[in-house]
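Single-letter residue listing:
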Amino acid sequence: MNLVVVSNRVARGKPNEPMTGGLAAALLPVVEHSGAIWVGSSGRVRDGHQKEPFAEIEALGTGAIATLDLPAAHYGGYYEGFANSALWPALHSRSDLIRVSREDYVSYREVNAFMARALLRFRKAETAFWVQDYHFLALGAELRDLGVDDPIGFFLHTPWPVAAVVQGVPNHRELITAMLAYDLLGFQTEEDRQNFLGYVGGELGLAIEGGVAISQHGRTRCEVFPIGIDAEKFAQYAAKSASHPDVSRLRRSLNGERLAIGVDRLDYSKGLVNRISAFDRLWTEQPQFARSISLLQIANPSRGGIEAYGTLQNDVARLVTDVNGRHGEVDWTPIRYLNKGFSQAVLAGLYRTAQIGVVTPLHDGMNLVAKEYVAAQNPADPGVLVLSKFAGAANELDTALLVNPHDIDGMARAIAVAASMPLTERKMRWDAMMKKLRGHTIQQWSADFVAELEKCRTEKVAVAPLAAQPPQALRWLKSAISGVRLI
């Protein structure tokens, strides 16, 4: 089968370069070892006068990467607009942060249509398309409007919220109806899947049969595929990275104190303010931990053009300064705060150096940092993972210290427990988590999804489609305030 993977951005997989996010890290091994073509944005834009989308193609393992320059007229409205100022906050249950215009929605649909046309050149006999994440919720419908009848699957890396939150997204009915053009929708957790089916059944009034939504597009199977990592590869990175200058300098600087580590994009979903406040509370209420526990917080800025992110960056920097000023000494800095990314190889070494991993998002689809931290530990002397119960990873890593990220005192107590945990208990908890990671790898995740997508192909032949409906793209275009496609 010719597999075409689609995402907003792609990654090259160079071990010494920083990763752009969890999605990129997850997809790299899939493409490298499956022979898939990975299509995404180049990060550049161009005007819309070219006759057809232009793609640059390069090899990646047994597969290939194809990057496109997206249309300049619509990129801002698509990316910083609808995708990250409407969908992202809603998917993370932050309806209060939705800031979007009708024009942003039009641009979002235009870019989805642009990508659909670009994908046609990669279509061969026995092709299947696997679309990733919230940037392309409508891409399946656009492909169907172009006559594509191949299997098209979609995987959502974020959470899916309850129906009342989804209803806060402008054009939510059109958008989710478009999602039902996919043959297979994959979610991180059973809760996400049930929330989606609840919306489809309740808001759209469609029939649901055994996890299959029935719409004018036909049958859309909704399944759970919790994403994994290559745990053995990450463990190898950690073992080899001890001599890396960044890791060596960190170890020398600790002077016997225990280190906690947090690694996140600078995003309001990650709970950074609450996490730092928990360390502040720890040092205030239990001063014996001053100088004996410090925090290394790596927070790589992103989406700086969106107001909520600029505000968060200022708030976190101000809080770190305040906490360091209150608890620091001339020879001790409680929080080391870095606004830059690191390669996976270096991160693995930093994880192994830290006795406590702090992964406390307010809401997260999975959070691969939690899994990476566990995989990077020294089996003979593993660290302790403090994990938010609202991260998808908590469903698997249930022997971590699970915390409520809104409970500052509870998080402070959990950090103290992690710092004092005896070796026997640490090994017991780590062994249980590693067993889960080895049993649910990134390779197994991709194999399971593709196998289910193949099953959808068989079902499609067996089940007659419903009565023909007007093309989805035509319906939304008629309702748009701008009725002319610019590309």
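Up top you'll find the structure we're talking about.
In this text, all values refer to a predicted model and were calculated from it rather than measured experimentally.

Colleague: Just to check I follow, could you spell out the overall build of the protein for this structure?
Modeller: A tally of helices and strands in the protein yields 17 helices and 16 strands. Relative to a compact globule of 487 residues, whose C-alpha radius of gyration would be 23 Å, the protein shows 23 Å and is just as compact. In the protein, which comprises 487 residues, the proportion classed as buried is 57%. Within the protein, contacts between residues at least 6 apart in sequence are counted, and of these 79% link residues at least 24 apart. Within the structure as shown, the protein displays about 19,200 Å² of accessible surface, and the carbon and sulfur contribution to it stands at 52%. Mean positive and mean negative side-chain charge positions of the protein (51 and 52 charges, respectively) differ by 3 Å.

Colleague: What is the right way to look at unusual backbone geometry in this model?
Modeller: For residues besides glycine, phi is generally negative; the peptide bonds are generally trans as well. If you check the backbone angles, Arg-303 has positive phi at about 50 degrees while not being a glycine. On the secondary structure map, Arg-303 appears in the loop between strand S12 (293-300) and helix H11 (307-327). For Asn-367, which is not a glycine, the phi torsion comes out positive at approximately 80 degrees. Looking at the secondary structure, you find Asn-367 in the loop between strand S14 (356-359) and helix H13 (368-375). Using a relative accessible area of 8% as the deciding quantity, one classes Asn-367 as buried.

Colleague: Honestly, helix H14 (residues 408-420) in this entry has me stumped. Any pointers?
Modeller: What sets the pattern is the α-helix's 3.6 residues per turn: residues three or four places apart point alike. Across its 13 residues, H14 extends 19 Å between first and last C-alpha, which sits within 8% of the 18 Å expected from 1.5 Å per residue. Ile-408, Gly-410, Met-411, Ala-412, Ala-414, Ile-415, Ala-416, Ala-418 and Ala-419 are the residues of H14 that are buried. Buried residues along H14 sit against strand S11 (258-265), helix H10 (272-285), S12, S14, strand S15 (384-388) and strand S16 (401-403). Between a side-chain oxygen at the N-terminus of H14 and the backbone nitrogen of Asp-409 the separation is 3.4 Å; the capping residue is Asp-407.

Colleague: I'm lost on the packing of aromatic side chains in this one. Help?
Modeller: A ring pair, where both rings are aromatic, is described by two values, the distance of the centres and the angle of the planes. Under the definition given, this model contains 22 aromatic pairs. Both rings, one in Phe-187 and one in Phe-196, keep their centres 5.3 Å apart while their planes meet at 40 degrees; by these two values the pair is tilted. Here Trp-283 and Trp-332 contribute two aromatic rings whose centre-to-centre distance is 5.8 Å and whose plane-to-plane angle is 90 degrees, an arrangement assigned as edge-to-face. Here Trp-332 lies in the loop between H11 and strand S13 (335-338) and Trp-283 lies in helix H10, a separation of 49 residues in the sequence. Trp-332 shares its class with Trp-283; the two are buried. An aromatic cluster is built from Tyr-75, Tyr-78, Tyr-79, Phe-82, Tyr-105, Tyr-108 and Phe-136, whose rings are joined through pairwise contacts.

Colleague: Hey, could you run me through the sheet that holds strand S10 (residues 218-224) in this one?
Modeller: Strand pairing in a sheet relies on backbone hydrogen bonds. The paired strands run either parallel or antiparallel. With mixed pairing, the ten strands of this open sheet are ordered in space as S3-S4-S2-S1-S5-S6-S7-S10-S9-S8. In this open sheet, the two strands that pair with only one neighbour each are strand S3 (55-60) and strand S8 (207-209). When the angles between neighbouring strand axes are averaged without regard to direction, this sheet yields 25 degrees. Pairing between strand S5 (residues 127-132) and strand S6 (residues 152-155): four bridges, direction parallel. Within S6, the residue paired with Gln-132 across the bridge is Phe-155. Strands in contact with helix H2 (residues 72-91) are strand S1 (2-9), strand S2 (37-46) and strand S4 (63-71); relative to S4, the strand with the most contacts, it is inclined by about 100 degrees.

About the cut-offs
Residues numbered from 1 in each chain as written. Predicted model: local features only at pLDDT ≥ 70, side-chain atom pairs only at ≥ 80, totals over all residues. Heavy atoms only, no water. Helix = DSSP H or I, 4+ residues; strand = E, 2+ residues; numbered from the N terminus. Rg over C-alpha atoms; globule rule 2.2 N^0.38 Å. Buried < 20%, exposed > 50% of the residue type's maximum accessible area, 1.4 Å probe, protein only. Contact = heavy atoms within 4.5 Å. Areas by Shrake-Rupley, 256 points an atom, 1.4 Å probe, with all protein chains shown as cover. Lys, Arg positive; Asp, Glu negative; His and termini not counted. Charge placed at Lys NZ, Arg CZ, Asp CG, Glu CD. Expected span 1.5 Å × (residues − 1). Polar contact = N/O pair within 3.5 Å; in protein donor to acceptor, adjacent residues only side chain to side chain. Phe/Tyr/Trp six-rings, centres within 6.5 Å; stacked < 30°, edge-to-face > 60°. Pairing = 2+ DSSP bridges. Axes fitted to C-alpha atoms, helices over the stretch in contact; angles between N-to-C directions.

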